[in-house]
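Coordinate inspection notes
The lines below spell out each chain.
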Amino acid sequence: MSRWNEGQQVWGTWGVQMSFDVPVLLLTWRRPDTTRQVLEALRPVAPSKLYVASDGPRNEAEAEDVQATRDLITEFIDWPCLLKTRFHPVNQGCQLGVSSAITWFFEQEEAGIVLEDDCVPHPDFFPYCRELLERYRHDTRIWCISGDNYQDGCWRGDGSYYFSRYNHCWGWATWKRCWSQYPTHQQLWEEVKASPSFQQSMFEDPLERQYWITIWEKLFSTGIPDSWAYRWSLVCMANSGLTALPNQNLVTNIGFGDDATHTTGLATAVETRGLPAIQHPKVICRDAGADAYAFNSHFGGAQLRNRRLQLRNRLSSWKRHLLQRLV
């Protein structure tokens, strides 16, 4: 018997033409309210292959919400599709629970879309992913396709999307050829950690470099945070993998709050605007200006710079005061 409850069901009438043929993986856990909103976004798209993974509860208090989320999956999905489920009986944690589910997905598919239970996609997200998955299927420079945009309205390049080092994962897609490299994250970290020149080739900005090296150092030495996403970012960045990012935001994260795993507290969701007509960039090249803006605004780089500047000013003031007293 399998360690988890893994199922496969056929829903609807197979004589009906499927409306969306790219496989979709939905990662769920204990939030039926946000899961419902993601399912409501999926229903009009009606993916013909839907994979649903659910991590187990950490305790009895969570078991009811986990079960309610699983029941919602089987009750809500009423369009013609092949539904495959992977319901784990015990909690694996964020890193292993999510990464093993994605691996399960790509053991069966060559390419696909990954959505978490709090990431609500705009309808244009799906044709955008489908077209780019096919266009860059064999282009080893491209590792991910994300629906996220954090450029605050600034249009980048001449296309509907641009290329970035940042593989934002609140609604994304990739290929088996890329995800198959995920298990190398520990080995890659040892190589990056031991090579300052490797680090410099990944990040031209010293502050940005220090930011990520500090995160990975803590992650691999302590296991904190219990994150698959930071490991996946390392794998993509260390391989110089590019991510296609839309010039309009296509996914909204509705999961901020006290019951979130990592996105606790309050935050303002980025509004989705749609991307009706896809124009491909003329050149495949990372947009360094967009990445610098993302680091400064989305990852807090501007705040870090201000703190450093304030600290330098205080030190300079203290030195001047000390010299005046000595004189």
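In short, a report on the structure. (Residues numbered from 1 in each chain as written. Predicted model: local features only at pLDDT ≥ 70, side-chain atom pairs only at ≥ 80, totals over all residues. Heavy atoms only, no water.)

Per the secondary structure count, the protein chain includes eleven helices and eleven strands. The burial tally for the protein chain puts 51% of its 327 residues in the buried class. For the protein chain, contacts bridging at least 24 residues in sequence account for 82% of all contacts bridging at least 6. In the form shown here, the protein chain has an accessible surface area of approximately 16,000 Å², with 52% of it arising from carbon and sulfur atoms. (Helix = DSSP H or I, 4+ residues; strand = E, 2+ residues; numbered from the N terminus. Buried < 20%, exposed > 50% of the residue type's maximum accessible area, 1.4 Å probe, protein only. Contact = heavy atoms within 4.5 Å. Areas by Shrake-Rupley, 256 points an atom, 1.4 Å probe, with all protein chains shown as cover.)

On to the packing of helix 6 (residues 185-194) against helix 8 (residues 206-222). Two numbers describe how helix 6 lies on helix 8: the axes approach to 11 Å, and their chain directions differ by 130°. The angle between helix 6 and helix 8 falls in the class oblique. The interaxial crossing formed by helix 6 with helix 8 has left-handed handedness. Across the interface between the two elements, His-185, Gln-186, Trp-189, Val-192 and Lys-193 of helix 6 pack against Ile-213, Trp-216, Glu-217 and Phe-220 of helix 8. (Axes fitted to C-alpha atoms, helices over the stretch in contact; angles between N-to-C directions. Parallel < 35°, antiparallel > 145°, perpendicular 65-115°, else oblique. Left-handed = near helix turned anticlockwise from the far one by under 90°.)

Taking 1.5 Å of rise per residue, 14 residues should cover 20 Å, and helix 3 (residues 93-106) covers 20 Å from first to last C-alpha, within 8% of that figure. With twelve of 14 residues buried, helix 3 lies mostly within the body of the structure. (Expected span 1.5 Å × (residues − 1).)

A separate point is the layout of surface pockets. Rolled over the atoms, a probe sized like a water molecule indicates the empty space that remains. Counted as a void, the second largest pocket has a volume near 150 Å³. Forming the walls of the second largest pocket are 13 residues, and the residues nearest its centre are Arg-165, Ser-201, Met-202, Met-237 and Ser-240. Going through the elements one at a time, helix 7 (196-202) and helix 9 (229-238) are the ones with two or more residues in the lining of the second largest pocket. (1 Å grid on protein atoms, 1.4 Å probe; cavity = no way out; pocket = protein on both sides within 12 Å on 5 of 7 lines; lining within 4 Å. Points joined across faces, edges and corners; volume = space filled by probe spheres on them.)

Another point: the pairing of strand 5 (residues 111-116). For strand 5, the buried fraction is high: five of the six residues fall into the buried class. Where strand 2 (residues 24-28) lies against strand 5, four bridges are found, and the strand directions are parallel. In the strand pairing of strand 5, Leu-27 is matched with Glu-116. Pairing of strand 5 with strand 9 (residues 172-175) involves four bridges; the strand directions are antiparallel. Residue pairing for strand 9: Gly-112 is matched across the bridge by Thr-174. (Pairing = 2+ DSSP bridges.)

Moving on, we get to the packing of helix 8 against helix 9. Direction vectors running N to C along helix 8 and helix 9 enclose 125°, while the axes themselves pass 11 Å from each other. As summarised for this structure, helix 8 and helix 9 are arranged oblique, according to the angle between their axes. Crossing of helix 8 over helix 9 shows left-handed handedness. Contacts between helix 8 and helix 9 pair Trp-212, Ile-215, Trp-216, Leu-219 and Phe-220 from the former with Tyr-230, Arg-231, Ser-233, Leu-234 and Met-237 from the latter. Its residues assigned to classes, the contact of helix 8 with helix 9 shows eight nonpolar, one polar and one charged. (Nonpolar A, V, L, I, M, F, W, Y, C, P; charged D, E, K, R; others polar.)

Cis geometry marks the peptide bond from Ile-224 to Pro-225; its omega dihedral reads -5°. For Asp-152, which is not glycine, the phi torsion reads 55° and is therefore positive. Within the element layout of this structure, Asp-152 appears in the loop between strand 7 (142-146) and strand 8 (161-164). For Asp-152, a relative accessible area of 62% gives the class exposed. Of note in this structure, Ser-240 is not a glycine but carries a positive phi near 55°. Tracing the backbone through its elements, the reader meets Ser-240 in the loop between helix 9 and strand 10 (242-246). Of the residues examined, Ser-240 reaches a relative accessible area of 59% and is grouped as exposed.

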